[in-house]
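Single-letter residue listing:
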Amino acid sequence: MRLDIKNISIKSIVLSVYPIVIFIFSLVRAGVSAEIGLELSLFQILMSVLLVALVETAALVILSLVFAFFYNLFCAFGMRGLRITLEDVEEPAAQESENDGAR
């Protein structure tokens, strides 16, 4: 089976679960690398982690939108889209049932 990706919907990037997943990963990364100093209060540390995660999320989503825009633009000008070829593989359970029927 051959799949051709010729258009990436920009609306699907913004309105999907993609920004939420990016935010969660950014939040975890910011939380792990947070500089916990003695001079910062707990509220300041949490706000720092939250703001770093929001900035990273915005940057990655905007970068994804720019990539999708240029991908769609190049495909509109005749560039061949991403082509994926998948091969069908038989499941082991189907093979066992065929072997049982042959006995």
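Along each chain, the written sequence defines residue order, and numbers are assigned to residues from 1. With pLDDT at 70 or above as the cut-off, local features in this predicted model cover only qualifying residues; side-chain atom pairs require 80 or more to be listed or tallied, and sums for whole chains, interfaces and linings still use all residues. Heavy atoms from the whole structure form the basis of all side-chain values; hydrogens and water molecules are not counted.

## Notes on the overall build of the chain
And step 1. Along its length, the chain carries 4 helices and 2 strands.
And step 2. A run of H or I in DSSP becomes a helix once it reaches four residues, and a run of E becomes a strand once it reaches two; helices and strands are each numbered from the N terminus. Overall, the chain shows an N-to-C arrangement of helices and strands of β-α-α-α-β-α.
And step 3. Residues classed as buried in the chain amount to 16% of the 103 residues present.
And step 4. For this analysis, residues touch if any pair of their heavy atoms sits within 4.5 Å. For the chain, contacts bridging at least 24 residues in sequence account for 76% of all contacts bridging at least 6.
And step 5. Per-residue and other accessible areas were derived by the Shrake-Rupley procedure at a 1.4 Å probe size, with only the shown protein chains allowed to occlude residues. Surface summary for the chain: the accessible area is close to 8,400 Å², and the carbon and sulfur share equals 68%. Three exposure classes are used, based on accessible area relative to the maximum for each residue type with a 1.4 Å probe and protein chains only: buried under 20%, partly exposed in between, and exposed over 50%.

## Some remarks on the pattern of salt bridges
And step 1. Whenever Lys or Arg places a side-chain nitrogen within 4 Å of a carboxyl oxygen from Asp or Glu, that contact is recorded as a salt bridge. One pass over the full model with this rule turns up 1 salt bridge.
And step 2. When the shortest N-O distance is used, the salt bridge between E56 and R29 registers 2.3 Å. On the criterion of sequence distance, the pair formed by E56 in helix α3 (residues 42-76) and R29 in helix α2 (residues 18-32) is long-range, its members being 27 residues apart.

## Quick notes on the confidence of the model for the chain
And step 1. Residue-level confidence of the predictor is what pLDDT reports, using numbers from 0 through 100. When the pLDDT values of the chain are averaged, the result is 85; 88% of them are 70 or greater.
And step 2. The secondary-structure element of the chain with the lowest mean pLDDT is helix α4 (residues 92-102), recorded at 63, while α2 shows the highest, at 94.

## Regarding a nonpolar patch on the surface
And step 1. A grouping of I10, V14, L15, I62, V66, F69, F70, F74 and M79 is seen on the molecular surface, where their side chains present a nonpolar patch of about 840 Å² in accessible area.
And step 2. Contributing elements (two or more residues each) for the nonpolar patch: α1 (10-14) and α3.
And step 3. Looking at where V66 falls in the secondary structure, it is placed in helix α3. Exposure above 30% relative accessible area and the lack of any salt bridge qualify a residue for a patch; like charges then connect within 9 Å, and the nonpolar side chains Val, Leu, Ile, Met, Phe, Trp and Tyr within 5 Å.

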